[in-house]
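Given next are the chains, with one letter for each unit.
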Amino acid sequence: MDSGSQRPGPVSEGDSRPSILTPSSPPAMPSRYESQKRRDWTTFLQYLKNHKPPLALSRCSGAHAIEFLKYLDQFGKTKVHVAACPYFGHQQPPSPCACPLKQAWGSLDALIGRLRAAYEENGGRLESNPFAARAVRIYLREVRESQAKARGITYEKKKRKRPTTVNTVRVDVAPSRQTEGDGCNIGDPSVAEAVPP
């Protein structure tokens, strides 16, 4: 065998050829969710550091989590009409108004979910997780309801999906008695589509 027909193998110390048998794979990129969770966690830790007085994570409570959510409102992009605004309750106001921009409820809800997970991933105990506190859930519910009223949006509770049950009906029709106008052709696509598989 000549040197050009040798099979590629592991690279020896003196061999600079890349090895086909031991491919190097690039490090896996974190998912969008994981990246966002890391950014949110870093932002929260920075908030605690800048808190007056600075606050240790171990002393953080649900009240501090709510305070953080209120702090984030200043960066919000969702117009939330005040009760005195003529557009209160309108989904599509015809002209601009001076009502404040806030964080949308859905954004806050997703943020709390990511921070709850990040807290536990970074060594926090489930029982002391400030983002899982009852006060935070109540606050989020109040934000959802007030924004729904102010923006004229209804948030309907999602119905739980129940497992579908298939009721089988047995129809015994003697082939000789079935007529063309019977309306019950088993091969008819409308019958196949009406019964879920």
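Cut-off values and rules
Counting starts from 1 at the beginning of each chain's written sequence and moves along it residue by residue. Local features in a predicted model are, by the rule used here, given only for residues with pLDDT of at least 70; side-chain atom pairs are given and counted only at 80 or more, and totals for whole chains, interfaces and linings are based on all residues. The side-chain values count all of the structure's non-hydrogen atoms but skip hydrogen atoms and water molecules. Whether a set of points on the 1 Å grid over the protein atoms alone is a cavity depends on a 1.4 Å probe fitting there but being unable to get out, while an open set qualifies as a pocket with protein on both sides within 12 Å along at least five of seven lines; lining residues are those with an atom within 4 Å of a point. Grid points are joined across faces, edges and corners, and a volume is the space filled by probe spheres set on the points. Each helix is a run of DSSP H or I of at least 4 residues and each strand a run of E of at least 2, with the numbering of both proceeding from the N terminus. Lys, Arg, Asp and Glu make up the charged group, whereas Ala, Val, Leu, Ile, Met, Phe, Trp, Tyr, Cys and Pro make up the nonpolar group; the residues left over, Gly among them, are polar. Each axis is a line fitted through C-alpha atoms, taken for helices only over the stretch in contact, and angles between the N-to-C directions span 0 to 180 degrees. Any angle between 65 and 115 degrees counts as roughly perpendicular, while under 35 counts as roughly parallel, over 145 as roughly antiparallel, and the rest as oblique. Definitions for this section: a left-handed crossing has its near helix turned counterclockwise from the far helix by less than a right angle. A right-handed crossing has that turn clockwise. By definition, residues are in contact when any of their heavy atoms lie within 4.5 Å. Salt bridge, as applied in this entry: a Lys or Arg side-chain nitrogen positioned within 4 Å of an Asp or Glu carboxyl oxygen. Residue exposure (1.4 Å probe, protein chains only): buried if accessible area is under 20% of the type maximum, exposed if over 50%, otherwise partly exposed.

Undergrad: Explain the layout of surface pockets to me, using residue names and the numbers behind them.
TA: In this structure, the largest pocket occupies an estimated 200 Å³ of space. If you go around the largest pocket, the residues you meet are Q36, R39, D40, T43, F68, L72, Q103, S107, L108, L111 and R114. Elements with a contribution of two residues or more to the lining of the largest pocket: α1 (32-50), α2 (62-72) and α3 (105-121). Of the residues in the lining of the largest pocket, the class split is four nonpolar, four polar and three charged.

Undergrad: Break down the packing of α2 against helix α4 (residues 134-151) for me, citing the residues and quoting the values.
TA: Contact geometry of α2 with α4 gives a least axis separation of 8 Å together with a crossing angle of 30°. If you check the angle between α2 and α4, you find them roughly parallel. As for how α2 packs across α4, the hand of that crossing is right-handed. Touching G62, A65, I66, L69 and K70 of α2 are A135, V136, Y139 and L140, all from α4. Residue composition of the contact of α2 with α4, grouped by class: seven nonpolar, one polar and one charged.

Undergrad: For the pattern of salt bridges, give the residues involved together with the corresponding values.
TA: Tallying each qualifying case throughout the model produces four salt bridges. For R114, the salt bridge identified is with D40, shortest N-O distance 2.4 Å. With R114 in helix α3 and D40 in helix α1, the pair connects residues that are 74 residues apart, well separated along the chain. This pair shows no difference in class: R114 is buried, exactly as D40 is. Here E127 ties to R125 by a salt bridge, and the two come within 3.2 Å at their closest N and O atoms. Taking the relative accessible area as the measure of exposure, R125 reaches 54% and is therefore exposed.

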